[in-house]
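# Residue-level structure breakdown
Listed below, chain by chain, are the residues.
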Amino acid sequence: MKLHPPLVHGDDKINRDILRPLFETSWRWWALFGLCLTGFGAGFVTWMWMLGAGMWVTGLHRPVMWGVFIANFVFWVGLSHSGTLISAILRLAKADWRRPITRAAEAMTVFTVLMAAQFPLIHLGRTWFFYYIIPYVNQREMWGNFRSPLAWDLMAILTYLSGSLIYLYLPTVPDFAIARDYATTPVRKKLFTMLALGWRGTRKEWHRMNLAILMLAVLVLPVAVSVHTIVSWDFAMALAPQWHTTIFGPYFVLGAIYSGMALVVTLTVLIRWAFKWEDYITPFHLDKLSKIMLVAAILWTYLWCGDYLITWYGRLPEEKVIIDIKNGGPFFWHQLTMMLANTIVAIPMLAFKKVRTSPWALMFLTIFINVGMWLERYLIAVPTLVQKGPSYTWTTYSPTWVELMMSIYPFAGFVMLYVLFVKMAPFISIWEIREDRVAEAYKTMGQAKLRAIVAE
Amino acid sequence: MADLMTATHEAAHGAAHGAAQGAAAAPYEGAGSPYRWGMSVDLDRCTGCGACVVACHAENNLPIAGPIDTDEGRSVDWMRVERYWEGHYPEITAHFVPVMCQHCTNAPCEPVCPVFATYHTPEGLNGMVYNRCIGTQYCQNNDPYNVRFFNWFEAALNFPEPLANQLNPDVTVRSRGVMEKCTFCVHRIRDVAADAKAEGRLVEDGEIDTACAQSCSANVITFGNLLDPHSKVSKAVASARRFRLLEGLGTEPVVYYLKGGQA
């Protein structure tokens, strides 16, 4: 490895270990990137083709106006949750085990929101007029309708995206400075110099940054909770059976934390394996993450049962027909798979420490959980619309290849942005790891062995 | 659904004896318009012939859908005649329910539109602004009657030559990607109301007829001003047979259905 002699002091091994992916690119990276680019490009071309052809190329028809596109939207917004939310909670709680994971989680939030935010546009009938929703000044004095949950969505998602972006960038600045000092080629040097914002590491700078991170963490928490609550209101504010329920706010937030945690674990395991960072991300961290996931799983199951029990017991005819098609009709397999993935398999498995600490078992389990969570979103959006209103208009819904392509699109796009990010920024927060190592260190003073730094 | 409609029907019967009797002609609060358009549909008279559907298609430039698109649920029928069977052969009865936009006073489709493409006019119509619509399709999801329609295809595909020659010049041809629905033939209302205003008078009862009401040979559909206590529709709506679709949802439609005798 040819690295410029470090200009910064500190543990050179950590710097080199974590900066390695920034300066060395293997053929595997190119293969993965190419694969994702292909999937992303194919999805993008499909989208553009659909814009030209019209929405009839999808499986949507009256009264099923929201299908896979909206399921994808809710799913990707949900995935975004755990990143910023968990990172902010753990920072505020001063949980030291968070250190190697936060950066990956925060980046996940930004990229999943970027993918999610495209779906409301994808499913519009006239995408080219999407800006009508934005309250901009115009000579016709037309404004958006602030009573509409879709207008709230726009504001919530944009706020969340900008907040998460700053929250991702701010703690990366000192790491960009380290990358700047290690960079050898002029292009990289210039890039990291720009990104580091002239960081020198003075006491004042550290103080200000820590304060800013703390404030952002406090501010971003309510935004994170509100985003998925507002997404749930897209459904809960509607006068449709199974949607019109007050439990949707907390239910969506918990589902989001659940699926987001599952994705964090999947990514953590894969990154740990790909970059051989076993020293930094240990089974101890996976165990902690899995415990949060277990709590989310139990709470999610509780709320799901609460919602189900009340509608089943209420026996409103409109609601009953929808419960019936989930319990025994065309959506039976969807619901069964969802319950298997999210509750019946996940909760007992996560209860064992053996599973919680073995990376590969966790990876397969978390992927299964996210399959279940996608189905959950599909089950919220579609069955209601299939049998809503007068029975004369009841119908069925089956997605076409367009919807399949548009489901591959965000996956490929997300992984593509993620692998690009690996090359752009230190993927584990170097300064936070070093801070932890220093704090964990002991010094001998005479006969006594004391911690080097005493936390407040 | 049939059960549900009978239930609402019975509920309306019970309520008809009480204070709800005069509610039909109650002014639309805050509107400040002398008009409140409404409709009554006498189900006891309906034969299910479908003339209203055809008239609506011809009047309002509804896109033409072939058998495949209709089968896929992509046809546009602002007016439809729902048919429900009751009993088993040979003791079987057909019920016909002509359903169009109910122009609800508390329309669930209106608040969910993020761009005000659908809104309530002072005359109590549920208006639709095609130019403003961006096609979120949320209004149809929130519409309990499923009477809103999305334009899946280009207008040129909907009206291949020479069919474009039969289009009604008073009605917009909708472009792809916007929602549409029954307007209570708003172009006819505007036409007559403008003349009346020029002559310094109010629109008289019977001056305006919607295409469906005009074409109905059994006089099922009556259209008129609900604020005028002497109009035909106000008298029809005062009947003890009246009920409204899915009344329990509180959407307050201005389309009143009449049903009393056995079909």
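These figures come from a predicted structure and were not determined experimentally. (Residues numbered from 1 in each chain as written. Chains lettered and ligands numbered in written order. Predicted model: local features only at pLDDT ≥ 70, side-chain atom pairs only at ≥ 80, totals over all residues.)

## Considerations on the overall build of chain A
Check the secondary structure of chain A and you find 18 helices and 2 strands. Compactness check: chain A gives a C-alpha radius of gyration of 24 Å against a globular reference of 23 Å for 456 residues, within 12% of the reference. Principal-axis analysis of the C-alpha atoms gives chain A an extent of 85 × 55 × 45 Å. Burial status across chain A gives 43% buried among its 456 residues. A sequence separation of at least 24 residues applies to 80% of the contacts in chain A between residues at least 6 apart. (Helix = DSSP H or I, 4+ residues; strand = E, 2+ residues; numbered from the N terminus. Rg over C-alpha atoms; globule rule 2.2 N^0.38 Å. Buried ≥ 20, exposed ≤ 12 C-beta atoms within 10 Å, placed from the backbone. Contact = placed C-beta atoms within 7 Å.)

## Some points on the packing of helix H13 (residues 332-344) of chain A against helix H16 (residues 359-386) of chain A
Residue and element names in this part refer to chain A. Viewed as axis vectors pointing N to C, H13 and H16 meet at an angle of 140 degrees, and their least axial separation amounts to 8 Å. Between H13 and H16, the angle is such that the two are oblique. For the pair H13 and H16, the sense of crossing is left-handed. Every residue of H16 that contacts H13 at His334, Gln335, Thr337, Met338, Ala341 and Asn342 is listed here: Phe368, Ile369, Val371, Gly372, Met373, Leu375, Glu376, Tyr378 and Leu379. Its residues placed into classes, the contact of H13 with H16 shows 9 nonpolar, 5 polar and 1 charged. (Axes fitted to C-alpha atoms, helices over the stretch in contact; angles between N-to-C directions. Parallel < 35°, antiparallel > 145°, perpendicular 65-115°, else oblique. Left-handed = near helix turned anticlockwise from the far one by under 90°. Nonpolar A, V, L, I, M, F, W, Y, C, P; charged D, E, K, R; others polar.)

## Quick notes on the pairing of strand S1 (residues 37-42) of chain B
Residue and element names in this part refer to chain B. Buried residues dominate S1, accounting for 6 of its 6 residues. Here S1 shows no split at all, with Trp37, Met39 and Val41 on one side and Gly38, Ser40 and Asp42 on the other all buried. Sheet topology places S1 next to strand S8 (residues 221-225); 5 bridges connect them, and they run antiparallel. Directly across from Met39, in S8, lies its bridge partner Phe223. Here 4 bridges tie S1 to strand S10 (residues 255-258), and the two strands are oriented parallel to one another. Paired with Val41 across the strands is Tyr257, a residue of S10. (Pairing = 2+ DSSP bridges.)

## Some remarks on the nonpolar core
Membership of the largest hydrophobic core comes to 185 residues, with the highest contact counts inside it found for Tyr258(A), Met261(A), Val265(A), Met293(A) and Ile221(B). Ranked by residue count, the leading element in this core is helix H10 (residues 248-274) of chain A, at 16 residues. Apart from residues lying up to four places away in sequence, Met293(A) is in contact with Tyr258(A), Met261(A), Ala262(A), Val265(A) and Leu350(A). (Core = buried A, V, L, I, M, F, W, Y, C linked by C-beta atoms within 7 Å.)

## Thoughts on the environment of Met108(A)
Residue and element names in this part refer to chain A. Locating Met108 in the fold gives a position in helix H4 (residues 102-116). With 29 C-beta atoms counted inside 10 Å, the residue Met108 sits in the buried group. Spatially, the C-alpha atom of Met108 lies 14 Å from that of Pro426, the residues being 318 residues apart in sequence. If we skip the residues at most four places from it in the chain, Met108 touches Gly83, Leu263, Val264 and Leu267.

## Overview of the sheet that holds S1(B)
Read from one edge of the open sheet, 4 strands run S8-S1-S10-S9 (chain B), paired in mixed fashion. Single-partner strands in this sheet number two, and they are S8 and strand S9 (242-243) of chain B.

## Describing unusual backbone geometry
A cis amide bond links Arg62(A) to the next residue, Pro63(A), at an omega of -5 degrees. Positionally, Pro63(A) belongs in the loop between helix H2 (27-53) and helix H3 (68-92). The omega torsion across Tyr89(B) and Pro90(B) is 5 degrees, close enough to zero to call that bond cis. If you trace the backbone, Pro90(B) turns up in the loop between strand S2 (80-86) and strand S3 (93-99). Unlike most non-glycine residues, Lys276(A) shows phi in positive territory, near 55 degrees. Mapped onto the fold, Lys276(A) is located in the loop between H10 and helix H11 (283-314). The backbone of Asn219(B) shows a phi angle near 55 degrees, a positive value even though the residue is not glycine.

## As for the packing of H3(A) against H16(A)
All names here are of chain A. For the pair H3 and H16, interaxial distance at closest approach is 8 Å and the crossing angle is 135 degrees. Taken together, the axes of H3 and H16 lie oblique to each other. Considering the relative orientation of H3 and H16, their crossing is right-handed. From H3, Ile70, Ala71, Val74, Phe75 and Gly78 reach across to H16, where they touch Met373, Trp374, Arg377, Tyr378 and Ala381. For the contact of H3 with H16, a count of residues per class yields 8 nonpolar, 1 polar and 1 charged.

## Regarding the interface of chain B and chain A
Contact with chain B, which involves 36 residues of that partner, is made by 35 residues of chain A. Looking at the side of chain B that touches chain A, the elements with two or more residues in it are helix H1 (2-16), helix H4 (109-112), helix H5 (138-141) and strand S6 (149-150) of chain B. The dominant element in the side of chain B that touches chain A, judged by the number of residues it contributes, is H5(B), at 3 residues. Here the residues of the side of chain B that touches chain A sort into 20 nonpolar, 9 polar and 7 charged.

## Brief notes about helix H2 (residues 51-59) of chain B
Residue and element names in this part refer to chain B. Restricting attention to buried positions, one finds in H2 the residues Cys52, Cys56 and Glu59. Along the axis of H2, the buried positions cluster into a sector of 70 degrees, meaning they face one direction only. Looking at the buried residues of H2, the elements they touch are S3, helix H8 (211-215) and S8. Of the residues flanking the end of H2, it is Asn61, one or two places downstream, whose phi is positive at about 55 degrees. (Arc of directions from axis to C-beta.)

## Some thoughts on the environment of Ile189(B)
Residue and element names in this part refer to chain B. One can find Ile189 in helix H7 (residues 186-198). Judged by local crowding, Ile189 falls into the buried class, with 21 C-beta atoms found within 10 Å. Along the backbone, Ile189 and Ile208 are 19 residues apart, and their C-alpha atoms lie at a distance of 6.2 Å. The residues contacting Ile189, other than those within four sequence positions of it, are Trp37, Phe184 and Ile208.

## Here we look at H13(A)
Residues and elements named next belong to chain A. For H13, with 13 residues, the first-to-last C-alpha span of 16 Å runs short of the 18 Å given by 1.5 Å per residue. Listing the buried residues of H13 in full gives Met338, Ala341 and Asn342. Buried positions in H13, seen along its axis, are confined to an arc of 80 degrees and lie on one side of it. The outward face of H13, more than 90 degrees from its buried face, is lined by the exposed residues Phe332 and Trp333. Structurally, H13 contributes buried residues whose contacts are with H11, helix H14 (346-350) and H16. (Expected span 1.5 Å × (residues − 1).)

## Looking at the pairing of S2(B)
Residue and element names in this part refer to chain B. Bridging between S2 and S3 involves 7 bridges; their strand directions are antiparallel. Among the inter-strand pairings, Arg83 is bridged to a residue of S3, identified as Phe96. Counting the residues between successive antiparallel strands, the hairpin from S2 to S3 contains 6 residues, one of them, Gly87, with a positive phi of roughly 85 degrees.

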